[in-house]
Each structure stands twice: as structure tokens, then as C-alpha cells.
Amino acid sequence: SRAMSRAKAFGRYELLGRISSGGMAEVFRARDQKTGSIVALKRLLPEVAEDAEFLTMFEDEARIASQLEHPYIARMLDYGRVDEAYYIAFEFVDGRDVRTLFNYLHRKRERIPVPVVVYILSRVAEGLAYAHARRDSGGNPVSIVHRDVSPQNVVVSFSGDVKLIDFGIAKAAGKLGRTQIGTLKGKFGYMAPEQVRSSEGIDQRVDVFALGICGWELLTMERLFEAQNELLVLQKLQTKVVPPPSSVNPEVPAVLDRIVLKCLAKAPDERY
């Protein structure tokens, strides 16, 4: 009951505790008081919500993302606003994001076993393939590009499920990144070269490139495009010759080297 008194009401939700906070939003574990279920509630920060163009885009993206139903994509359950605060409610995945997993094992100087990495990557790839192949009721392609595939957006549940989270707001975030420098800092190391140059006219191959980065990092337990500042990251993205993962982790088979390096081709036409 003491926990109940600590919980804060937010519209139809009860905020039970903050999970994380980023440049754009804070995420809470929350209870939907209508259904009693636990959700991950993402609440946009006030300074973000002042950007009208961003909000329009956010609502468009949220509407699209709410149509995605796939076992390896965390479901978007609800979106809207409470007073001045905009929010999205996602299915709550009880587990840890892959960035946390990576950092934990990195500190212990341990590796994620190669079969486990393959398991995680293949599930994310299936979720992406589903979103990329979507069609509307008239049969026209309405490919949905995630634009922000990164270890912090992949969650592994304690029961072994893999879920891609945060579908549907990266495009809006990209718009924001052009107006508010520094908002997208954390994700810079997971952008395809063509995505850095312009957010216009990009397609699902940026997700393939980002998945390649995730694969390379999880197999080697090293960061691929990390650098002191954004400019150096950009330079690396454009020029670094990526060594095969097996050159760092001899347990990686040649076939996996080929797959990861094909994903990481600088020219989109050379990727899957």
C-alpha cells in the first residue's frame, strides 16, 4: 500500500517507477487502470512537445506503428496526451535491453555466445522484414522503416523473448534532431552513411545497416563506430574499413562474417 501511495496518476495510467530517460522522453513502468496490465509508458519531455511539426509527425508515426502486430515487435497499445504531456504506451517487456547486456558482459570481460547472438539478430531481422514488407488494404507497399535499430531498442525478456521496441517515432525524432542539436547523440553510431547525409528518401536498407552494426558489436563485444565526438563518428562511418567479426572473435564462422559485412556495405545497393 505504501507503493500505491508513491505511484502517480497519469490519465488512465498509474506511474509505478521510471525505467529510463533520454533526450526526448522518459519511460515509466505503469499500470493501465482500465485493464490492470503493466505497460511501458513513454512520455515526451515538455521541451520536445513544443515543436508543432514534430508532434504532427509523432502522431502520424504512432498511428502507423500501432498497426504493427508481430511476435518480435513490442506492441504499441495506446498514444495520446494527458493535459500538456504526450505519451505512447507499449507492451511492457520484462527483461533487459541488449545495450545493458553488452555493458554488463563487457565489464566482466565475457562474450555473448555466438548462437545466442544469432538468435537475437534473426528475431530482430524477422520483425524488420515484417515491417518492411507491409502493404495497405489496397495491396500497395507501405514499408515502415524503423530508423533507429540499436542495442538499446532490442529487449531480451527473462523468458527468452526478443522484442524490437520504439517503432514509429524515429522519423519524428530525426526531424527533431535537425532542430535541436545533441538530441540524437546516443544513436549516432548506428546510422547508415546515407541516413547521416539526409533523412529524406531513405529506405529499409538503413535498418539492415544498423542491424549489421548490432551484429558486429555483439559478436566482437567491441563498439564499431564509437569516437570522441559526432564529427569523428561521421568520419568513421564514411571511411572505416570494417574488419570481419572473426578477426576479433575467432569463434565467429566465415558465413556469419559474410552476412554481417554485407549488411555493413557503405553503398545501399550492396546490402541485403
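Our subject is the structure that appears above.
Since the structure is predicted, the reported quantities are computational estimates derived from the model, not experimental observations.

What counts and how
Residues numbered from 1 in each chain as written. Predicted model: local features only at pLDDT ≥ 70, side-chain atom pairs only at ≥ 80, totals over all residues. Heavy atoms only, no water. Helix = DSSP H or I, 4+ residues; strand = E, 2+ residues; numbered from the N terminus. Buried < 20%, exposed > 50% of the residue type's maximum accessible area, 1.4 Å probe, protein only. Contact = heavy atoms within 4.5 Å. Areas by Shrake-Rupley, 256 points an atom, 1.4 Å probe, with all protein chains shown as cover. Phe/Tyr/Trp six-rings, centres within 6.5 Å; stacked < 30°, edge-to-face > 60°. Lys NZ or Arg CZ within 6 Å of the ring centre and 35° of its normal. Pairing = 2+ DSSP bridges. Axes fitted to C-alpha atoms, helices over the stretch in contact; angles between N-to-C directions. Core = buried A, V, L, I, M, F, W, Y, C linked by side-chain atoms within 4.5 Å. Salt bridge = Lys/Arg side-chain N within 4 Å of Asp/Glu carboxyl O.

**Q** Can you tell me about the overall build of the protein, naming the residues and giving the values?
**A** Counting its secondary structure elements, the protein contains 10 helices and nine strands. Looking at the protein as a whole, 48% of its 272 residues qualify as buried. Across the protein, the fraction of contacts at a sequence separation of at least 24, relative to all contacts at a separation of at least 6, is 58%. Accessible area for the protein stands at about 13,800 Å²; split by element, carbon and sulfur atoms hold 52% of it.

**Q** Provide a residue-level description of the packing of aromatic side chains, including the pertinent values.
**A** Counted under the stated rule, the structure contains three aromatic pairs. One aromatic cluster in this structure is built from Phe10, Tyr13 and Tyr87. The positively charged end of Arg43 is found above the aromatic ring belonging to Phe10, 5.2 Å away from the centroid. In this structure, Lys262 is placed above the aromatic ring of Tyr272, and the distance from its NZ or CZ to the ring centre is 5.1 Å.

**Q** For the sheet that holds strand 8 (residues 154-157), give the residues involved together with the corresponding values.
**A** Taken together, the three strands give an open sheet; going across it, the order is 7-8-9, and neighbouring strands pair in antiparallel fashion. Edge positions in the sheet fall to strand 7 (95-97) and strand 9 (162-164), since each has one partner strand and no second. Across the sheet, the mean angle separating the axes of adjacent strands is 25 degrees when strand polarity is ignored. Relative to strand 8, strand 7 is paired through three bridges, and the arrangement is antiparallel. Bridge assignment links Gly95 to a residue of strand 8, and that residue is Ser157. This element, helix 5 (residues 114-132), spans strand 8 and strand 9 of the sheet and lies at about 40 degrees to strand 9.

**Q** An account of the pairing of strand 5 (residues 76-82) is requested, with residue identities and associated values reported.
**A** Along a regular strand, successive side chains alternate from one face of the sheet to the other. Here strand 5 runs beside strand 6 (residues 85-91); their pairing, made up of six bridges, is antiparallel. Its bridge partner being in strand 6, Met76 is matched across the sheet by Phe90.

**Q** Tell me what's going on with the pairing of strand 2 (residues 13-21), and back it up with residues and numbers.
**A** Where strand 1 (residues 8-10) lies against strand 2, three bridges are found, and the strand directions are antiparallel. Across the sheet, residue Ala9 finds its bridge partner in strand 2, namely Glu14. Here strand 1 folds back onto strand 2, and the loop between the two strands holds two residues, one of which, Gly11, carries a positive phi near 60 degrees.

**Q** Give a description of the nonpolar core that names residues and reports values.
**A** For soluble globular proteins, the rule of thumb is that nonpolar side chains tend to be buried together. Counting 62 residues, the largest nonpolar core has Leu44, Val124, Phe167, Phe225 and Leu264 as its most contacted members. The biggest single contributor to this core is helix 8 (residues 205-220), with nine residues. Excluding anything up to four places from it in sequence, Leu44 contacts Met24, Ala25, Phe54, Leu55, Phe58 and Tyr86. Among the nonpolar cores identified, the runner-up in size contains 11 residues, and Tyr13, Leu15, Val39 and Ala89 belong to it.

**Q** For the pattern of salt bridges, give the residues involved together with the corresponding values.
**A** Oppositely charged side chains are able to pair whenever their charged atoms sit close together. One pass over the structure, following the stated rule, counts 13 salt bridges. Across the pair Asp32 and Arg12 runs a salt bridge, and its minimum N-O distance is 2.5 Å. Highlighted residues: Asp32 in strand 3 (residues 25-32) and Arg12 in the loop between strand 1 and strand 2, separated in sequence by 20 residues. Across the salt bridge formed by Lys108 and Glu110, the nearest N and O atoms sit 3.7 Å from each other. When salt bridges with common partners are traced through the structure, they connect Arg18, Glu26 and Arg43 into a single cluster.

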